Amino acid sequence: VTILVGDRKSVAKADQDGFPCVGLVGVYGWQVKRDDPAAPRTLIPDLAGGAWAGRRVYLAYDSDLADNPNVRRAEWHRAEALAAVGADVRAVRLPAGAGGAKAGLDDVLLNRGPDPLRLLLD
């Protein structure tokens, strides 16, 4: 099981709490740069060399994904690319913070602890 997120704080906190985690830069930091927007999306070499076949992968974008169609589209593209190399891809919907504030994986773990995340992953 691997969780893919987009920032160092989330990676550090997830790893501290026992969740294997890979940090990627930005919502499209996983793909090789494309000069032609119609070109297929492919994983960067560091990811392409991974043993993805049969591996469960959770995509954990910040909670504001719900309000941002561009980020939802990026999530879909990442899921599609990982599924193409055999990963069992799951999307995690992180809850917003207090008062509806944007929350990342690190915020959820700091404010709620690891057990609620385990429930989300189940």
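Our structure's up above, just so we're on the same page.
Residues numbered from 1 in each chain as written. Predicted model: local features only at pLDDT ≥ 70, side-chain atom pairs only at ≥ 80, totals over all residues. Heavy atoms only, no water.

Student: So what's going on with the overall build of the protein chain? Which residues, and what values?
Tutor: For the protein chain, the helix and strand inventory stands at 5 helices and 4 strands. Written out in order from the N terminus, the α and β elements of the protein chain read β-α-β-α-β-α-β-α-α. Each of the 122 residues in the protein chain was classed as buried or not, and the buried ones make up 35%. Counting only contacts in the protein chain whose residues sit at least 6 apart along the sequence, the fraction spanning at least 24 positions is 57%. For the protein chain, the computed accessible surface area is about 6900 Å², with 53% contributed by carbon and sulfur atoms. Put simply, the protein chain has 16 plus and 16 minus side-chain charges, and the middle of one group is 2 Å from the middle of the other. (Helix = DSSP H or I, 4+ residues; strand = E, 2+ residues; numbered from the N terminus. Buried < 20%, exposed > 50% of the residue type's maximum accessible area, 1.4 Å probe, protein only. Contact = heavy atoms within 4.5 Å. Areas by Shrake-Rupley, 256 points an atom, 1.4 Å probe, with all protein chains shown as cover. Lys, Arg positive; Asp, Glu negative; His and termini not counted. Charge placed at Lys NZ, Arg CZ, Asp CG, Glu CD.)

Student: So what's going on with the environment of P45? Residues and values would help.
Tutor: Positionally, P45 belongs in helix α2 (residues 45–48). On the basis of relative accessible area, P45 is assigned to the exposed category, the value being 65%. Here the alpha-carbon distance between P45 and W30, two residues 15 residues apart in the chain, equals 9.2 Å.

Student: Explain the sheet that holds strand β2 (residues 21–23) to me, and be specific about the residues and the numbers.
Tutor: Read from one edge of the open sheet, 4 strands run β2-β1-β3-β4, paired in parallel fashion. The sheet is open, and its two borders are formed by β2 and β4 (88–93), each paired with just one other strand. Averaged over neighbouring strand pairs, the angle between their axes works out to 25° when direction is ignored. Bridge count for strand β3 (residues 56–61) against β4 is 6 bridges, and the pairing is parallel. Among the inter-strand pairings, Y58 is bridged to a residue of β4, identified as R90. Relative to β2, helix α1 (residues 8–16) is tilted by about 170°, and along the sheet it contacts β1 (2–5) and β2. (Pairing = 2+ DSSP bridges. Axes fitted to C-alpha atoms, helices over the stretch in contact; angles between N-to-C directions.)

Student: Describe the pattern of salt bridges, with residues and values.
Tutor: Following the criterion strictly, the structure yields 7 salt bridges and no others. Between D17 and K13 there is a salt bridge whose closest N-O contact spans 3.3 Å. The same class applies to D17 as to K13, namely buried. The partner of D88 in a salt bridge is R56, and the shortest N-O contact between them spans 3.0 Å. Of this pair, D88 sits in strand β4 while R56 sits in strand β3, and the two are 32 residues apart along the sequence. (Salt bridge = Lys/Arg side-chain N within 4 Å of Asp/Glu carboxyl O.)

Student: Describe the side chain of K13, naming the residues involved and giving the relevant values.
Tutor: Note that K13 resides in helix α1. Here K13 falls in the buried class, since its relative accessible area comes to 17%. Non-local contacts of K13, meaning those with residues more than four positions away in its chain, are made with D106, L109 and L110.

Student: Tell me about the packing of aromatic side chains, and name the residues and values.
Tutor: Inspection of every chain in the model, using the stated rule, returns 1 aromatic pair. Taking the centre distance of 6.3 Å and the plane angle of 35° together, the rings of Y28 and W30 count as tilted. Here Y28 falls in the partly exposed class, since its relative accessible area comes to 28%. Cation over ring: R55 sits above W52, and NZ or CZ is 5.8 Å from the ring centre. (Phe/Tyr/Trp six-rings, centres within 6.5 Å; stacked < 30°, edge-to-face > 60°. Lys NZ or Arg CZ within 6 Å of the ring centre and 35° of its normal.)

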